[in-house]
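# Working through the structure, step by step
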Amino acid sequence: PSIQKVYSTLDTKQDIIEDRRIPASRYSSISIEKKIDNIFNSPDYVYKADVTIITDTEELKRRIIARNRNNIITIDNEYIPISIIRDIYK
């Protein structure tokens, strides 16, 4: 039998992007969390997903590969704080 070791560095790296808190009066962070979970749990998600991320100031098209407690992580190792996301979709 073969033994496979898997290592993760997701929780050991420091957040690169400054976490700017924006009042969430117009947006529900729970629905954003649910949308992110749905993307990562969808049947067509293998290790990456092309998404559009809407913030208060810009629209980003990114290829995401993972998430930690506070950020979405892109294939280019960019950390996007979940707290600034207003909408996310494939």
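Please read these numbers as outputs of a predicted model, since none were measured by experiment.

### Thoughts on the overall build of the protein
Regarding its fold elements, the protein presents 1 helix and 5 strands. When the helices and strands of the protein are read in sequence order from the N terminus, they spell out α-β-β-β-β-β. A burial count over the protein gives 30% of its 90 residues as buried. Summarising the internal contacts of the protein: among those between residues at least 6 apart in sequence, 56% fall at separations of at least 24. Taken as a whole, the protein presents about 6600 Å² of accessible surface, with 51% of it coming from carbon and sulfur.

### A few points about the pattern of salt bridges
Using the criterion set out here, one finds 8 salt bridges in the structure. Here Glu78 ties to Arg62 by a salt bridge, and the two come within 2.8 Å at their closest N and O atoms. Linking Glu78 in the loop between β3 (71-74) and β4 (79-81) with Arg62 in strand β2 (residues 59-67), this pair joins segments that are 16 residues apart in sequence. Several salt bridges share partner residues, and in doing so they unite Glu33, Asp37 and Arg67 into one network.

### Brief notes about the environment of Ile72
You can see Ile72 is positioned in strand β3. Judged by its relative accessible area of 0%, Ile72 falls in the buried class. Residues Ile72 and Ile36, 36 residues apart in the sequence, show an inter-C-alpha distance of 8.7 Å. Once residues lying within four places of it in the same chain are set aside, the contact partners of Ile72 are Ile36, Ile64, Ala66, Arg67, Glu78, Tyr79, Ile80, Ile82, Ile85 and Ile88.

### Regarding the nonpolar core
Core analysis: the biggest nonpolar cluster contains 16 residues, and Ile36, Val51, Ile53, Ile64, Ile72, Ile85 and Ile88 have the highest contact counts within it. When residues of this core are traced back to their parent elements, those giving at least two are α1 (29-41), β1 (49-54) and β2. For this core, the leading source of residues is α1, giving 4 residues.

Criteria and cut-off values
Residues numbered from 1 in each chain as written. Predicted model: local features only at pLDDT ≥ 70, side-chain atom pairs only at ≥ 80, totals over all residues. Heavy atoms only, no water. Helix = DSSP H or I, 4+ residues; strand = E, 2+ residues; numbered from the N terminus. Buried < 20%, exposed > 50% of the residue type's maximum accessible area, 1.4 Å probe, protein only. Contact = heavy atoms within 4.5 Å. Areas by Shrake-Rupley, 256 points an atom, 1.4 Å probe, with all protein chains shown as cover. Salt bridge = Lys/Arg side-chain N within 4 Å of Asp/Glu carboxyl O. Core = buried A, V, L, I, M, F, W, Y, C linked by side-chain atoms within 4.5 Å.

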